[in-house]
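# An overview of the molecular structure
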Amino acid sequence: MVFVLGNVLDQAEVAALREAATALPYKDGRATAGRYARGVKRNEQAAKSDALSAVLSKATEALSRHEVFRSVARPRKFVRTLVSRYGPGMEYGTHVDDAIMAGARTDMSFTLFLSPLDSYEGGGLIMEEQIEDRRFRLEPGDAVLYPTSVLHRVEGVTSGERLAIVGWIQSWVRDPARREVLHDLDVAADALFRDSGKTPHFDRLLKAKANLYRMWAEG
Ligand SMILES: O=C(O)CCC(=O)C(=O)O
Ligand SMILES: [Fe+2]
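Every value quoted in this text rests on a predicted model; they were computed, and no experiment measured them.

The rules we used
- Residues numbered from 1 in each chain as written.
- Chains lettered and ligands numbered in written order.
- Predicted model: local features only at pLDDT ≥ 70, side-chain atom pairs only at ≥ 80, totals over all residues.
- Heavy atoms only, no water.
- UniProt positions renumbered as here; feature names shortened; annotations may be inferred.
- Helix = DSSP H or I, 4+ residues; strand = E, 2+ residues; numbered from the N terminus.
- Contact = heavy atoms within 4.5 Å.
- Polar contact = N/O pair within 3.5 Å; in protein donor to acceptor, adjacent residues only side chain to side chain.
- Expected span 1.5 Å × (residues − 1).
- Donors = N, O, S within 2.8 Å, 3.2 Å for Na, K, Ca; no water.
- Buried < 20%, exposed > 50% of the residue type's maximum accessible area, 1.4 Å probe, protein only.
- Pairing = 2+ DSSP bridges.
- Near = heavy atom within 4 Å.
- Areas by Shrake-Rupley, 256 points an atom, 1.4 Å probe, with all protein chains shown as cover.

### So, the UniProt feature "binding site: Fe cation" (unreviewed entry) in the protein chain
Those places that UniProt annotates as "binding site: Fe cation" (unreviewed entry) correspond, in this numbering, to His-95, Asp-97 and His-152. A maximum C-alpha distance of 8.8 Å among these annotated residues, which run over 58 residues, shows that they cluster at one spot. Turning to its location among the elements, His-95 is positioned in strand 6 (residues 91–95). Residues in contact with His-95, not counting those within four places in the same chain, are Ala-37, Val-150, Leu-151 and His-152. At 3.1 Å, the side chain of His-95 forms a polar contact with the side chain of Asp-97. In this structure, His-152 sits in strand 14 (residues 151–154). Side-chain polar atoms of His-152 contact the side chain of Asp-97, separated by 3.2 Å.

### Description of helix 1 (residues 11–22)
The end-to-end C-alpha distance of helix 1 is 16 Å, a good match for the 16 Å that twelve residues give at a rise of 1.5 Å each. Looking at the buried residues of helix 1, the elements they touch are strand 2 (26–28), helix 2 (50–65), strand 5 (75–86), strand 9 (108–113) and strand 16 (162–171). Regarding helix 1, its N-cap is Asp-10, as a side-chain oxygen of that residue lies 3.1 Å from the backbone nitrogen of Ala-12 further along.

### Some details on the coordination of the iron ion (ligand 2)
Protein ligation of the iron ion (ligand 2) involves His-95 (NE2), Asp-97 (OD) and His-152 (NE2), the donor distances falling in the range 2.1 to 2.3 Å. Spacing between the donor residues of the iron ion (ligand 2) along the chain follows H-x1-D-x54-H. With His-95 in strand 6 and His-152 in strand 14, this pair connects stretches of sequence that are 57 residues apart. Residue class for His-152 comes out buried when judged on its relative accessible area of 3%.

### A look at unusual backbone geometry
Of note, the phi angle at Asn-7 is positive, near 50°, even though the residue is not glycine. Turning to its location among the elements, Asn-7 is positioned in the loop between strand 1 (3–5) and helix 1. For Asn-7, a relative accessible area of 59% gives the class exposed. In this model, Arg-74 sits at a positive phi of 45°, which is unusual for a non-glycine residue. Relative to the helices and strands, Arg-74 resides in the loop between helix 3 (67–73) and strand 5. For Arg-74, a relative accessible area of 8% translates into the label buried.

### Quick word on the sheet that holds strand 12 (residues 133–136)
The five strands are arranged 3-6-14-11-12 in an open sheet whose pairing can be described as antiparallel. Both outer strands of the open sheet, strand 3 (41–42) and strand 12, are each paired with one neighbouring strand and no more. Bridging between strand 11 (residues 125–128) and strand 12 involves four bridges; their strand directions are antiparallel. Directly across from Leu-125, in strand 12, lies its bridge partner Phe-136.

### Some thoughts on the site of ligand 1
Lining the immediate environment of ligand 1, one finds Tyr-86, Tyr-92, His-95, Asp-97, Thr-111, Leu-125, His-152, Val-154, Arg-162, Val-166 and Trp-168. Here an oxygen atom of ligand 1 sits 3.1 Å away from a polar atom, N or O, in the side chain of His-95. Here Thr-111 contributes a side-chain N or O atom positioned 2.8 Å from an oxygen atom of ligand 1. Protein chains bury 97% of the 300 Å² of accessible surface belonging to ligand 1 in isolation. If you tally residues by element for the shell around ligand 1, the top one is strand 16, at three residues.

### Focus: the pairing of strand 13 (residues 143–147)
Here strand 13 lies mainly inside the structure; five of its five residues are buried. Side chains Ala-143, Leu-145 and Pro-147 project from strand 13 onto one buried face, and the interleaved Val-144 and Tyr-146 project onto a second face that is buried too. Relative to strand 13, strand 1 runs antiparallel, the two being bridged by three bridges. Across the sheet, the residue bridging to Leu-5 is Ala-143, located in strand 13. With five bridges joining them, strand 9 and strand 13 adopt antiparallel strand pairing. Residue pairing in the sheet places Ser-109 in a bridge with Tyr-146 of strand 13.

Put into structure tokens, the structure is as follows:
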């Protein structure tokens, strides 16, 4: 399932992160592309530095606080994170991301958008799904979270600059269908708690949810 995560960063946080990301040195993104993706990847990525690590930590900390992110992704590990930049003429053609990065399985991917929507044209993240493509071009501070298994692309930027933080997560729960069951139970338990408080039935539901999670969690 694909989820839009609203307000991962508030406006002040996203402005600060954008400023820090703008000041980073960038290099050709092809260096980190796999054999086939290299031919369709035309973007830039921030080069390794302490300043980059600080930007990435702020982003992963903000995501880790986000309730929907936690419930949907059940993150065990941020496998890889990077800051990417697309200027005019840059794009990333259709590709699938590696199943294993840095020795860990990649279950879900995210893009955390940093640039104001009116500051660039193009640059939508397109997921190529069975029936039709879905396009995501979100407000700065919002993120899209999607299964790493899908074919996707970033459409060409025609003006301005698209800055984003992109990353891959290993989940505690490998099977997307099981992750969906656990997320549904989170939503149901939250609603039950809101409506009627901590009743014996709520406790039963929480017990079932915790025990399913324990059954399915790996590692
Ligand atoms: O920038 C994005 O939204 C996604 C980029 C991407 O697909 C990748 O880096 O593998
Ligand atoms: Fe990708």
